[in-house]
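Architecture at a glance
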Amino acid sequence: AEDAVRGGADGAGLVRTEFLFLDRADAPTAAEQEQVYRDLANTFDGRPVVLRTLDVGGDKPLPYLAQPTEANPFLGQRGIRLALAHPHLLREQLRAVARVAADHPIGVMFPMVTAVQEIEAGRGMLEEVAPEGLSIDVGIMVEVPATAAKTAELAEYVDFFSIGTNDLTQYALAVERGNDSVAALADALDPGVLRLIDMVCRGAGGARVAVCGELASDPVAVPILLGLGVTELSVAPAAVPLVKAAVRTLDHRACADLAGRALRCATAAAVRGLTLPD
Ligand code: PEP
Ligand code: MG
């Protein structure tokens, strides 16, 4: 957080809270989580901080949770699915989040959402634990192609969308993350992935659209994402200065022109070969 602020970050678009839950014998208490989230919020000093709720699953098991062995863990009980299957964990986390949100600009984001019922359940639990009258921004990650396709219908349930291009690329192109033998196929600038991002931007209505996957710090992608209508880029702390400097040089109309051409390409390589108009 200190590095990000020093680098000029306007906030934190993705705090991977699972790091608090991994490599230990039991789950962190609400008090322990509150302290960490509060420290983060204090470091960001009034800038918005988006806390993503626990995002673990079959591929990232927690020793203190009984989880079934899954043949395809990326298609199994991960993200919000796992959190809702263990409501005590999610409730304690949301309790900690709500305490900090009472005096800091905190947003909550649910991972791996595919269904309205998941948003309603997450929001319902947040309302249960938050003090009366406290309004907290709620968003979902768009990591599954069907979620992108349903953006317009999901928009009324959220304040913002954050596109997780790491998982969205994995699911859209059927290329498992971390599988070297198919890594060459996994370019998030594939026009098929860009079309999904376009759907989110066009369907979001009044909800904000961010990108928080690795694509947000790819210099070739930045003008295309802005041209499609993305208004927030969430990148690793070290990339903040470069990405901000790049954005400042861009003209929105030129980006929109570039994005339109990118959508009509047949390959990621062709997208990467495009140039901004003069
Ligand atoms: C993503 O899927 O793009 C994302 C940001 O989440 P993670 O990389 O933590 O799965
Ligand atoms: Mg993800």
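Use the structure listed above.
Residues numbered from 1 in each chain as written. Chains lettered and ligands numbered in written order. Predicted model: local features only at pLDDT ≥ 70, side-chain atom pairs only at ≥ 80, totals over all residues. Heavy atoms only, no water.

**With respect to the overall build of the protein chain**
Inclusion rule: For helices the rule is a DSSP run of H or I covering at least 4 residues; for strands it is a run of E covering at least 2, with both sets numbered from the N terminus onward. Our radius of gyration is a C-alpha quantity, and the globule rule it is checked against amounts to 2.2 Å times the number of residues to the power 0.38. Exposed residues in this analysis have more than 50% of their type's maximum accessible area, buried residues have under 20%, and partly exposed residues fall in between, with area computed by a 1.4 Å probe over protein chains only. A contact between two residues is defined here by any heavy atoms of the two lying within 4.5 Å. In these tables, accessible area is a Shrake-Rupley quantity obtained with a 1.4 Å probe, and a residue counts as shielded only by the protein chains included in the view.
Broken down by element type, the protein chain carries 13 helices and seven strands. Against the 2.2 N^0.38 benchmark of 19 Å for 278 residues, the protein chain shows a C-alpha radius of gyration of 19 Å, consistent with a compact globule. A principal-axis box enclosing the C-alpha atoms of the protein chain has dimensions of 55 × 45 × 35 Å. For the protein chain, with 278 residues in total, the buried portion stands at 49%. For the protein chain, contacts bridging at least 24 residues in sequence account for 68% of all contacts bridging at least 6. Accessible surface, the protein chain as shown: approximately 12700 Å² in total, 52% of it carbon and sulfur.

**Some points on the site of ligand 1**
Note the cut-off: Only a single heavy atom is needed: when it lies within 4 Å of a molecule or strand, its residue is near that molecule or strand. A 3.5 Å cut-off defines polar contacts: any pair of N or O atoms within that distance qualifies, except that in protein one atom must be a possible hydrogen donor and the other a possible acceptor, and neighbouring residues in sequence count only when both atoms are side-chain atoms.
Around ligand 1, the neighbouring residues are Leu14, Arg16, Arg52, Met141, Glu143, Gly164, Thr165, Asn166, Asp167, Arg177, Cys212 and Gly213. Between ligand 1 and asparagine 166, the relevant distance is 2.7 Å, taken from an oxygen atom to a main-chain nitrogen or oxygen of the residue. At 2.8 Å, a side-chain N or O of arginine 177 approaches an oxygen atom of ligand 1. In the complex, 97% of the free accessible area of ligand 1, which totals 290 Å², lies under the protein chains. Residue assignment for the shell around ligand 1 shows that the elements contributing at least two residues are β1 (12-16) and α8 (165-173). Looking at the shell around ligand 1, the element that brings in the most residues is α8, giving three residues.

**Points about the nonpolar core**
The line we're drawing: Here, nonpolar core means buried Ala, Val, Leu, Ile, Met, Phe, Trp, Tyr and Cys residues that are tied together by side-chain atoms lying within 4.5 Å of each other.
Ranked by internal contacts, the top residues of the largest apolar core, which has 80 residues, are Phe161, Leu194, Ile197 and Ile224. Broken down by element, the residue count for this core peaks at eight residues, all from helix α4 (residues 87-101). The contacts of phenylalanine 161, once residues within four sequence positions are left out, are Ile140, Val142, Thr151, Leu154, Ala155, Val200, Ala204, Ala207, Arg208, Val209 and Ala210. Of all hydrophobic cores here, the second largest spans six residues; its members include Leu14, Val50, Met109 and Phe160.

**What to know about the coordination of the magnesium ion (ligand 2)**
Reference values for coordination geometry: four tetrahedral donors around a metal ideally subtend 109.5 degrees, six octahedral donors ideally subtend 90 or 180 degrees. Where we set the bar: Only nitrogen, oxygen and sulfur atoms count as donors, using a 2.8 Å cut-off from the metal that widens to 3.2 Å for Na, K and Ca. Water is left out, so coordination shells may look unfilled.
Around the magnesium ion (ligand 2), the protein contributes the donor atoms Glu143 (OE) and Asp167 (OD), at 2.0 Å from the metal centre. Separated by 24 residues along the polypeptide, glutamate 143 in the loop between β4 (137-142) and α6 (145-149) and aspartate 167 in helix α8 bring together distant segments of the chain. A relative accessible area of 2% places glutamate 143 in the buried class.

**Comments concerning the layout of surface pockets**
Our working definition: Computed over the protein atoms alone on a 1 Å grid, cavities are sets of points where a 1.4 Å probe fits but cannot get out and pockets are open sets with protein on both sides within 12 Å along at least five of seven lines; a residue lines them when it has an atom within 4 Å of a point. Grid points are joined across faces, edges and corners, and a volume is the space filled by probe spheres set on the points. Charged residues are taken to be Asp, Glu, Lys and Arg, nonpolar residues to be Ala, Val, Leu, Ile, Met, Phe, Trp, Tyr, Cys and Pro, and polar residues to be all remaining types, Gly included.
Considered as a void within the structure, the largest pocket measures approximately 990 Å³ in volume. As for the largest pocket, its lining consists of 40 residues, and the residues nearest its centre are Gly11, Ala12, Gly13, Ser234 and Val235. Those elements giving two or more residues to the lining of the largest pocket turn out to be β1, α2 (30-44), β2 (49-52), β3 (106-110), β6 (208-211), β7 (232-233) and α11 (240-248). No other element matches the five residues that β1 contributes to the lining of the largest pocket. Grouping the constituent residues of the lining of the largest pocket by class yields 25 nonpolar, eight polar and seven charged. Computed from the structure, the second largest pocket encloses a volume of approximately 220 Å³.

Fair warning: the whole summary comes from geometry, so function is off the table for now.
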